[in-house]
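Overview (structure and organization)
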Amino acid sequence: MSASLDTILASLHATLLQLPSTAAHLVPDLVLRSYLHDAEENGKVVQFLLPSTLRHRAFPNVRACFEAAQLSLLLASDPNYDLAGAKAWVYGHRKDLYQGSEAERAGLLDDLPEQLPADEFFANQFREMKETWNSFAPGKGALLHEAKIALERQPKRPDNWAGLNIPEALEERLGAMPNPESIEIPPVKASDLLRSAYAVLNRETHPHSLRLEPSTIHSSNGGAVTFVFDPVNSAEQADLAEKITASSLKLALAAASLRRRMGG
């Protein structure tokens, strides 16, 4: 493993320590910090796995890092940062509400007597966050109601809080924003690059028939066969995992830098 991933992780960690969080931007700052924390932690897991014999199994964490980094940049670059953050918060909790309701219907929560019904839990979380934001910045909690209305009105696809095609939106924003972190983007369209990376990660994080390819197949008189596999040569996969993770962490760094320049 090269030193690049170590260096980028250290840089992101140092940047997070200096990341501002203010009362006026309480909810979007909370969401942004959550995305960046996810990117950093998954990057650390990839860093841990790459020197191991299971380095080719790092892709679920590479994908999680990639998705968190994209969302962090989508949020930090939004011209209406507060409403965007409120939408991201409501969207995430509504996803939890849906999944919790499905688990209730399936009886998966029957053994948890203290578990609140999903709709009641969401209502409590919404009320508490609105009151909390208002207590720090009077009137700001109303943005959560605006976010609910905005999410109800926007198309269901693409399925994200912004209602945008993320690769295309980030391509446009990356071209317009300063680049203090000197993010190196290959000479291709950013949207094509992001889609290609996602396609690779999607394939590598799901079972597929080419995961094991035998070098030889032996048969016996009884009809049984024996598969002979070569040792897993995961160097190329590990290199790909490292490159995508490093690029993702640079996107996260760009998001953090945008927030720092925004100030209070």
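Quick look at the structure, then. Quantities reported herein were computed from a predicted structural model and do not represent experimental measurements.

1. Points about the overall build of the protein chain
Summing up its helical and strand segments, the protein chain has 9 helices and 2 strands in all. Along the protein chain, helices (α) and strands (β) appear in the sequence α-α-α-α-α-α-α-α-β-β-α when read from the amino end. Once local pairs closer than 6 in sequence are excluded, the contacts in the protein chain between residues at least 24 apart make up 73%. Here the protein chain has roughly 14,700 Å² of accessible surface; of this, 55% comes from carbon and sulfur atoms.

2. A closer look at the pattern of salt bridges
Under the defined criterion, the tally for this structure stands at 9 salt bridges. Measuring nitrogen to oxygen at the nearest pair gives 3.6 Å for the salt bridge that ties Glu40 to Lys44. Remark: Lys44 and Glu40 occur in helix H2 (residues 26–49); sequence separation between them is 4 residues, near one turn of the helix. Of the residues examined, Glu40 reaches a relative accessible area of 5% and is grouped as buried. On the accessibility criterion, Lys44 (39% relative accessible area) is partly exposed.

3. Looking at helix H8 (residues 190–204)
Since the α-helix turns once every 3.6 residues, residues separated by three or four places project in the same direction. Counted at 1.5 Å a residue, the expected span for H8 with its 15 residues is 21 Å, and the 21 Å between its end C-alpha atoms agrees. When we look at burial in H8, the residues that qualify are Ala190, Ser191, Leu194, Ala197, Leu201 and Glu204. All buried residues of H8 lie within an arc of 165 degrees about the axis, which places them on one face of the element. The inward-facing, buried residues of H8 contact helix H3 (59–76), helix H7 (166–176) and helix H9 (235–262).

Rules used in this analysis
- Residues numbered from 1 in each chain as written.
- Predicted model: local features only at pLDDT ≥ 70, side-chain atom pairs only at ≥ 80, totals over all residues.
- Heavy atoms only, no water.
- Helix = DSSP H or I, 4+ residues; strand = E, 2+ residues; numbered from the N terminus.
- Contact = heavy atoms within 4.5 Å.
- Areas by Shrake-Rupley, 256 points an atom, 1.4 Å probe, with all protein chains shown as cover.
- Salt bridge = Lys/Arg side-chain N within 4 Å of Asp/Glu carboxyl O.
- Buried < 20%, exposed > 50% of the residue type's maximum accessible area, 1.4 Å probe, protein only.
- Expected span 1.5 Å × (residues − 1).
- Arc of directions from axis to C-beta.

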